[in-house]
Amino acid sequence: MMRDSIATARTLSEALPYLQRYTGAVVVIKFGGNAMGDDEAMAEFARDIVLMRQVGVNPVVVHGGGPMINDLLGKLGIASEFRRGKRVTDKATVEVVEMVLSGLVNKRIVQAINDQGGRAVGISGKDDDLMVCVADDPELGFVGKPVEMNVQVLRDLYNAGIIPVVAPVGTGVEDNETFNVNGDTAAGAIAGALKADRLLLLTDVSGVKDETGAVVTQLSPEQVRELTARGVIAGGMIPKTETALAALEAGVRAVVILDGRIPNACLLELFTDHGAGSLIRS
Ligand code: X2W
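Values in this document were obtained by computation on a predicted structure and should not be read as measured data.

Asker: Teacher, can you tell me more about the environment of G144 here?
Answerer: Locating G144 in the fold gives a position in strand β7 (residues 144-149). For G144, a relative accessible area of 5% translates into the label buried. When neighbours within four sequence positions are excluded, G144 is seen to be in contact with C133, V134, D136, F179, N180 and V181.

This is the structure in structure tokens:
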């Protein structure tokens, strides 16, 4: 017991330089549906976010929820297909997407953060016109490409001590349009518009792997392009690395792709010298 307490005190002490480095930093965290897990894992994620806020970081959570959308579409008997990692979204599907993301998933995260003593407020890209979209590609239907970001609402919230939790649903340039936005795309656009210090993409893989299958802990945009050209970065990793490159171009200082199922993944990345996953920066 005594030994545990000594180890805890040491851990806190060793975290001091990291805590100092991140005071006032804006950290956007993409919490993917595959990283969410059970209630216990959700509570642990929420604790990490509340701890970040407690030590002076401004966390902004952007979530996904693909598996949860699949569940409800399945119950309703609506078939769904993906093209290049994006869900083909017709009128009936976009209604389900908005219900699941802005309703079920968003409020589950908000509640989990509030249960840990944080002050979370859940919004979507529609609130205050945060994320204005056009159609990404006619063959994908109501899949949105963000074209105008109004992130002042996020600054207003975090400057008031509130943790914004954002569902990746966009509003259209035309009246009454609703767009389904890929969660990684939304997180990248928000991080870019905020010129965030860090974008953490929490997923269910351990990071970017090289040809031997080993995780590359740090890489430059050039290395990402080179690994992609050689087909080493492929499949579901492509939308993540593309998001990372676009976010860096927009002024985000660094992007980390990491396994959200690791206990305390966010803390490990920000506040220890081990870091986690793959860090991409120029
Ligand atoms: C996603 C939005 C949710 C998402 C979808 O419909 O599944 C598009 O594909 P994950 O959990 O992060 O995958 N949108 C256009 O991105 O969820």
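Don't stop here, the text continues.
Asker: Mind showing me how you'd approach the packing of aromatic side chains here?
Answerer: Two numbers describe a pair of aromatic rings. These are the distance of the centres and the angle of the planes. Taken as a whole and judged by the stated rule, the model has three aromatic pairs. With a centroid separation of 3.6 Å and 10 degrees between ring planes, the pair formed by F31 and F45 is classed as stacked. Taken together, the residues span a long stretch of sequence, with F31 in strand β1 (residues 26-31) and F45 in helix α3 (residues 39-54) at a distance of 14 residues. Across this residue pair, the class does not change: F31 and F45 are buried. In this structure, K91 is placed above the aromatic ring of F142, and the distance from its NZ or CZ to the ring centre is 5.9 Å.

Asker: What is the right way to look at the layout of surface pockets in this model?
Answerer: The gaps left among the atoms become clear once a water-sized probe is rolled over them. In this model, the largest pocket occupies a volume close to 620 Å³. Residue lining of the largest pocket: 29 residues in total, with K30, G66, F82, G85 and N182 positioned closest to the centre. For the lining of the largest pocket, the element with the most residues is helix α4 (residues 66-75), which contributes four residues. Each residue belonging to the lining of the largest pocket can be placed in one class, and the counts come to ten nonpolar, 13 polar and six charged.

Asker: Please explain a nonpolar patch on the surface as it appears in this structure.
Answerer: Judged by side-chain polarity, V134, V147 and V173 come together as a nonpolar surface patch covering roughly 230 Å² of accessible area. Summarising the element assignment, V134 is placed in strand β6 (residues 131-135). For V134, a relative accessible area of 31% corresponds to the partly exposed category.

Asker: Could you clarify how one ought to interpret the site of the ligand in this entry?
Answerer: Around the ligand sit 15 residues, and of these K30, G33, G65, R87 and G183 come closest. The contact in question runs from an oxygen atom of the ligand to an N or O atom on the side chain of K30, over 2.8 Å. Between the ligand and the protein, one listed contact pairs an oxygen atom with a backbone N or O atom of G33 at 2.7 Å. When isolated, the ligand has an accessible area of 430 Å², and the protein chains bury 91% of it.

Asker: I keep staring at a negative patch on the surface and nothing clicks. Help me out?
Answerer: Together, D127, D128, D129, E148 and D156 line one region of the surface with negative charge. Along the chain, D129 turns up in the loop between β5 (120-124) and β6.

Asker: I would appreciate a short explanation of the nonpolar core in the present structure.
Answerer: Here is a general trend for soluble globular proteins: nonpolar side chains tend to be buried in one another's company. One finds I29, F31, F45, V61, I109, I113 and L202 to be the most contacted residues of the largest nonpolar core, which totals 44 residues. Among the elements that take part in this core, helix α5 (residues 91-115) stands out by supplying nine residues, more than any other. V153, Y158, L201 and V224 belong to the second largest nonpolar core, which has 40 residues in total.

Asker: Can you help me understand the side chain of N106 in this one?
Answerer: Along the chain, N106 turns up in helix α5. N106 gets classed as buried once you look at its relative accessible area, which sits at 0%. At 3.0 Å, the side chain of N106 and the side chain of K107 are in polar contact. Excluding residues that lie within four positions of it along the chain, N106 makes contacts with H63, V100, L101, G122, I123, V165, V166 and A167.

Asker: Can you help me understand α5 in this one?
Answerer: For an α-helix, 3.6 residues make a turn, and residues three or four places apart therefore share a direction. Between the first and last C-alpha of α5 there are 35 Å, a value that for 25 residues agrees with the 36 Å anticipated at 1.5 Å per step. Along its length, α5 reaches its greatest deviation from straightness, about 35 degrees, at N106. For α5, the full list of buried residues reads T93, V94, V96, V97, V100, L101, V105, N106, I109, V110, A112 and I113. Here α5 starts with a cap whose side-chain oxygen sits 3.4 Å from the backbone nitrogen of A92, and that cap is D90.

Asker: Mind showing me how you'd approach unusual backbone geometry here?
Answerer: Peptide bonds are, in most cases, trans, and in most cases residues other than glycine have a negative phi. With a phi close to 50 degrees, R84 is a non-glycine residue in the positive phi region. Structurally, R84 can be placed in the loop between β3 (82-83) and β4 (86-87). Here R84 falls in the exposed class, since its relative accessible area comes to 60%. Its identity is not glycine, yet K195 carries a phi of approximately 45 degrees, on the positive side. Looking at the element boundaries, K195 is found in the loop between α7 (183-194) and β11 (198-203).

So, how was this worked out
- Residues numbered from 1 in each chain as written.
- Predicted model: local features only at pLDDT ≥ 70, side-chain atom pairs only at ≥ 80, totals over all residues.
- Heavy atoms only, no water.
- Helix = DSSP H or I, 4+ residues; strand = E, 2+ residues; numbered from the N terminus.
- Buried < 20%, exposed > 50% of the residue type's maximum accessible area, 1.4 Å probe, protein only.
- Contact = heavy atoms within 4.5 Å.
- Phe/Tyr/Trp six-rings, centres within 6.5 Å; stacked < 30°, edge-to-face > 60°.
- Lys NZ or Arg CZ within 6 Å of the ring centre and 35° of its normal.
- 1 Å grid on protein atoms, 1.4 Å probe; cavity = no way out; pocket = protein on both sides within 12 Å on 5 of 7 lines; lining within 4 Å.
- Points joined across faces, edges and corners; volume = space filled by probe spheres on them.
- Nonpolar A, V, L, I, M, F, W, Y, C, P; charged D, E, K, R; others polar.
- Patch = residues over 30% accessible without salt bridge, like charges linked within 9 Å, V, L, I, M, F, W, Y side chains within 5 Å.
- Areas by Shrake-Rupley, 256 points an atom, 1.4 Å probe, with all protein chains shown as cover.
- Salt bridge = Lys/Arg side-chain N within 4 Å of Asp/Glu carboxyl O.
- Near = heavy atom within 4 Å.
- Polar contact = N/O pair within 3.5 Å; in protein donor to acceptor, adjacent residues only side chain to side chain.
- Lys, Arg positive; Asp, Glu negative; His and termini not counted.
- Charge placed at Lys NZ, Arg CZ, Asp CG, Glu CD.
- Core = buried A, V, L, I, M, F, W, Y, C linked by side-chain atoms within 4.5 Å.
- Expected span 1.5 Å × (residues − 1).
- Bend = angle between axes of the 7 residues up to and from the residue.

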